[in-house]
Amino acid sequence: MKYQIKETQDLKEKEIEHILQLWDISAWNAMKSAYFITFFKDSEFHFLLDTDENILAVMRVNFDFTLEIAGNEYSFAEVVGLVSAHKKKGYGAALVRHFKENAVQRNLEAIGFCHSDLRPFYEKCDIEILHDKAKMIKESIGSEWVNSEDDDILIFHTTQERKELLNQLSPQNNAYLMTKE
């Protein structure tokens, strides 16, 4: 197995098609490669590949992710879209471990999110989990701020100070997802 990182613009059309197939998000199924590259321009893709370069697992790192907490903005690399081509083979867990090592080496402030039912998976991967803190993140939907649908914040790598900031989130101390206009 081989761990590989690619910038969005370096992905081959076949790889983009395979990623979209693995993600299986109906609104994206017909996405063309050129649009994919534009849509995910602020991302990089992390892969676990077999000896024939087939994708065993993939995740996306979104660099366009900023939270406002108590009036200050904090940018993170957001880990999203983790999926394995074959369930229960350990490929997703192996990719998470490779990514965590890479984030530490690069000193990359990297967090992710999950629903509570995925806690055992991330615990097995030795990822620190801030339980029920993702619900304290508000996202702008139209003219309203609504709570995130995720339950937990996953700490892949960040400073102690930022981890404490995230751990202090509460109904009285929300974070707000800042989006570029």
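The structure under discussion appears in the preceding block.
Described in the following lines is the structure provided in the data block. (Residues numbered from 1 in each chain as written. Predicted model: local features only at pLDDT ≥ 70, side-chain atom pairs only at ≥ 80, totals over all residues. Heavy atoms only, no water.)

**A word on the pattern of salt bridges**
Step number 1: Taken as a whole, this structure holds 10 salt bridges when the rule is applied.
Step number 2: Two residues, Glu 109 and Arg 162, come together in a salt bridge whose shortest N-O distance is 3.9 Å. One end of the pair, Glu 109, is in the loop between helix H3 (91-106) and strand S7 (110-114); the other, Arg 162, is in helix H5 (residues 160-167), and 53 residues separate them in sequence. Grouping residues by exposure puts Glu 109 and Arg 162 together as buried.
Step number 3: In the salt-bridge network here, residues are joined through shared partners; they are Arg 119, Asp 132 and Asp 152. (Salt bridge = Lys/Arg side-chain N within 4 Å of Asp/Glu carboxyl O. Helix = DSSP H or I, 4+ residues; strand = E, 2+ residues; numbered from the N terminus. Buried < 20%, exposed > 50% of the residue type's maximum accessible area, 1.4 Å probe, protein only.)

**Thoughts on the sheet that holds strand S2 (residues 43-49)**
Step number 1: Pairing is mixed in the open sheet, where seven strands are placed in the order S1-S2-S3-S6-S7-S11-S8. Across the chains shown, the open sheet's two edge strands, defined by having one partner strand only, are strand S1 (2-7) and strand S8 (128-130). Each strand of the sheet is rotated relative to its neighbour by a mean of 30 degrees, with strand direction disregarded.
Step number 2: Pairing analysis gives five bridges linking S7 to strand S11 (residues 152-157), with the strands arranged antiparallel. Looking at S11, one finds that Ile 111 is bridged to Ile 155. (Pairing = 2+ DSSP bridges. Axes fitted to C-alpha atoms, helices over the stretch in contact; angles between N-to-C directions.)

**Points about the pairing of strand S6 (residues 77-84)**
Step number 1: Counting buried positions over the eight residues of S6 gives six, a clear majority of the element.
Step number 2: For strand S3 (residues 55-62) and S6, the ladder comprises five bridges, and the chain directions are antiparallel. What sits directly across from Ala 57, in S6, is Ser 84.
Step number 3: In this structure, S6 lies alongside S7, joined through three bridges in parallel fashion. By the bridge assignment, Val 79 is partnered in S7 with Gly 112.

**Description of the packing of aromatic side chains**
Step number 1: Tallied over the full model, the rule gives 15 aromatic pairs.
Step number 2: Ring geometry for Trp 145 and Tyr 176: centres 5.0 Å apart, planes at 85 degrees, overall edge-to-face. Remark: Tyr 176 occurs in strand S12 (residues 175-178) and Trp 145 occurs in strand S10 (residues 144-147); sequence separation between them is 31 residues.
Step number 3: The exposure class of Trp 145 is partly exposed, given its relative accessible area of 40%.
Step number 4: Site record: aromatic cluster; members linked through ring pairs are Trp 23, Trp 28, Tyr 35, Phe 36, Phe 39, Phe 40 and Phe 45.
Step number 5: Taking NZ or CZ as reference, Arg 162 lies 4.9 Å from the ring centre of Phe 76, over its face. (Phe/Tyr/Trp six-rings, centres within 6.5 Å; stacked < 30°, edge-to-face > 60°. Lys NZ or Arg CZ within 6 Å of the ring centre and 35° of its normal.)

**Notes on the sheet that holds strand S4 (residues 66-69)**
Paired through backbone hydrogen bonds, the strands of a sheet run either parallel or antiparallel to each other.
Step number 1: Pairing is mixed in the open sheet, where five strands are placed in the order S5-S4-S12-S9-S10. Only two strands of the sheet have a single neighbouring strand rather than two, namely strand S5 (72-75) and S10. The mean angle between the axes of side-by-side strands here comes to 35 degrees, regardless of whether they run parallel or antiparallel.
Step number 2: With four bridges joining them, S4 and S5 adopt antiparallel strand pairing. Bridged to Leu 67 within S5 is Tyr 74.

All quantities given are derived from atomic positions and should not be read as evidence of function.
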